[in-house]
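So the chains spell out like this:
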Amino acid sequence: MAQSEKELTYKAFMNREYEFRHSPFEKEFEFYDCVKSGDIEGVKRLMTPLGGSGAGVLSEDAVRNLKYHFVITIAMMTRFCVEGGMEMETAYTLSDLYIMKADKCTSEEKIHELHREVVLDYTSRMKKISRGSLYSKPIIMAMDYIYDNLHAVISEEDIAEYAAVSKSYLSRIFHKEVGVTVTTYIAVKRIEAAQNMLKYSDYRPLDIGNYLGFSSHSHFISTFKKYTGMTPGEFRKKYYRSNWNTNMSK
């Protein structure tokens with residue numbers, strides 16, 4: 001028997017001896033379904049303390065243990081919310097931001113506070129989505145394709161093929177449901193990605209523009225300024241991660 005199997009067997013034995021049980025799957029998935037459907041009251045009823053009874057121990061360090069459970073919770077909520085209609089980019093960017101916040105926490109109390117905040121944030125966002133008309137399947141597929149290919153050349157023909165519709169049909173319903181053209185949506189999403197990279201990475205603006213598929217650095221600068229009112233350099237100076245906590249609190 002492999003060492004990992006021996007450890008697993010021993011851990012299961014000890015759990016039985018001390019009547020320790022992981023949280024029932026039914027209750028856990030009911031909680032995530034409530035997040036997905038935007039059911040705030042259901043979430044409040046089912047939400048249990050992070051890393052509480054039945055959650056398992058992932059680290060002997062109490063704060064690190066809670067951080068690990070926090071990341072697991074974020075990952076689960078993100079997947080459920082994407083399935084429920086939240087834009088993939090929104091869901092994963094939100095996940096990144098909260099994980100970065102958790103990484104800065106130095107006490108169990110702060111992580112518990114952040115856990116409550118993120119659960120209600122995802123749930124509230126899903127409540128707004130459920131109240132509005134959800135995007136049709138071709139549009140959701142188109143958005144996913146765009147998100148996955150922001151760094152590459154994206155054509156409407158490729159998007160339409162991925163969504164299994166004609167280019168003309170995609171163009172028509174995309175503008176009807178989203179409110180902008182496919183081309184504008186791609187540009188906006190690239191600029192949003194560039195903003196995150198300028199805030200939280202050390203890549204040069206030139207490299208970010210190249211990575212996101214802009215034809216030239218001047219094209220990147222002009223497009224960035226069109227949607228943000230600032231050049232990439234000005235944006236980085238104002239929002240780079242050294243100023244993150246100050247800007248997030250405003």
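First, a word on what this report is: a plain description of the structure on this page.

1. Focus: the overall build of the protein chain
Here is step 1: Scanning the protein chain for helices and strands turns up 14 helices and zero strands.
Here is step 2: Counted from the first residue to the last, the protein chain has its helices and strands arranged as α-α-α-α-α-α-α-α-α-α-α-α-α-α.
Here is step 3: Considering the protein chain as a whole, with its 250 residues, one finds that 36% of them fall into the buried category.
Here is step 4: Contacts in the protein chain between residues at least 24 apart in sequence constitute 64% of all its contacts with a sequence separation of at least 6.
Here is step 5: Approximately 14900 Å² of the protein chain is accessible, and the part contributed by carbon and sulfur atoms is 53%.

2. Here's the deal with helix α7 (residues 137–148)
Here is step 1: The first and last C-alpha atoms of α7 sit 16 Å apart over twelve residues, in line with the 16 Å expected at 1.5 Å per residue.
Here is step 2: Of the positions making up α7, those classed as buried are Pro-138, Ile-139, Ala-142, Met-143, Asp-144, Tyr-145 and Ile-146.
Here is step 3: Tucked inside the fold, the buried residues of α7 contact α5 (88–104), α8 (156–163), α9 (167–178) and α10 (182–200).

3. Side note on the packing of helix α4 (residues 62–83) against α5
Here is step 1: Packing of α4 against α5 brings their axes to within 9 Å, and their N-to-C directions diverge by 170 degrees. The pairing of α4 with α5 is recorded here as roughly antiparallel in orientation. Taking contact as the criterion, the partners of Lys-67, Phe-70, Val-71, Ile-74, Thr-78, Arg-79 and Val-82 in α4 are, on α5, Met-88, Ala-91, Tyr-92, Ser-95, Tyr-98, Ile-99, Ala-102 and Asp-103.
Here is step 2: Counted by class, the contact of α4 with α5 contains ten nonpolar, two polar and three charged residues.

4. As for the packing of aromatic side chains
Here is step 1: Overall, the coordinates contain eight aromatic pairs when judged by the stated rule.
Here is step 2: A centroid spacing of 5.8 Å and a plane angle of 70 degrees characterise the contact between Phe-220 and Phe-224, whose relative ring orientation is edge-to-face. Of this pair, Phe-220 and Phe-224 both sit in helix α12 (residues 217–228), separated by four residues, roughly a single helical turn.
Here is step 3: In this structure Phe-220 comes out as buried when scored by relative accessible area, which is 0%.
Here is step 4: Geometrically, the ring pair formed by Phe-224 and Phe-235 is edge-to-face, given 5.4 Å between the ring centres and 75 degrees between the ring planes. Placement of the pair is Phe-224 in helix α12 and Phe-235 in helix α13 (residues 232–239), with a sequence separation of eleven residues.
Here is step 5: Residue Phe-224 is classed as buried on the basis of its relative accessible area of 0%.
Here is step 6: We note Lys-199 situated over the ring of Tyr-239; from NZ or CZ to the ring centre the distance is 5.6 Å.

5. Concerning α8
Here is step 1: Within α8 the residues assigned to the buried category are Ile-159, Ala-160 and Ala-163. Down the axis of α8, the smallest arc covering the buried residues is 95 degrees, so these residues share one side.
Here is step 2: Buried positions along α8 lie against α7, α9 and α10.
Here is step 3: In the stretch just after α8, Ala-164 is the one whose phi turns positive, near 60 degrees.

What counts, and where the lines are drawn
- Residues numbered from 1 in each chain as written.
- Predicted model: local features only at pLDDT ≥ 70, side-chain atom pairs only at ≥ 80, totals over all residues.
- Heavy atoms only, no water.
- Helix = DSSP H or I, 4+ residues; strand = E, 2+ residues; numbered from the N terminus.
- Buried < 20%, exposed > 50% of the residue type's maximum accessible area, 1.4 Å probe, protein only.
- Contact = heavy atoms within 4.5 Å.
- Areas by Shrake-Rupley, 256 points an atom, 1.4 Å probe, with all protein chains shown as cover.
- Expected span 1.5 Å × (residues − 1).
- Axes fitted to C-alpha atoms, helices over the stretch in contact; angles between N-to-C directions.
- Parallel < 35°, antiparallel > 145°, perpendicular 65-115°, else oblique.
- Nonpolar A, V, L, I, M, F, W, Y, C, P; charged D, E, K, R; others polar.
- Phe/Tyr/Trp six-rings, centres within 6.5 Å; stacked < 30°, edge-to-face > 60°.
- Lys NZ or Arg CZ within 6 Å of the ring centre and 35° of its normal.
- Arc of directions from axis to C-beta.

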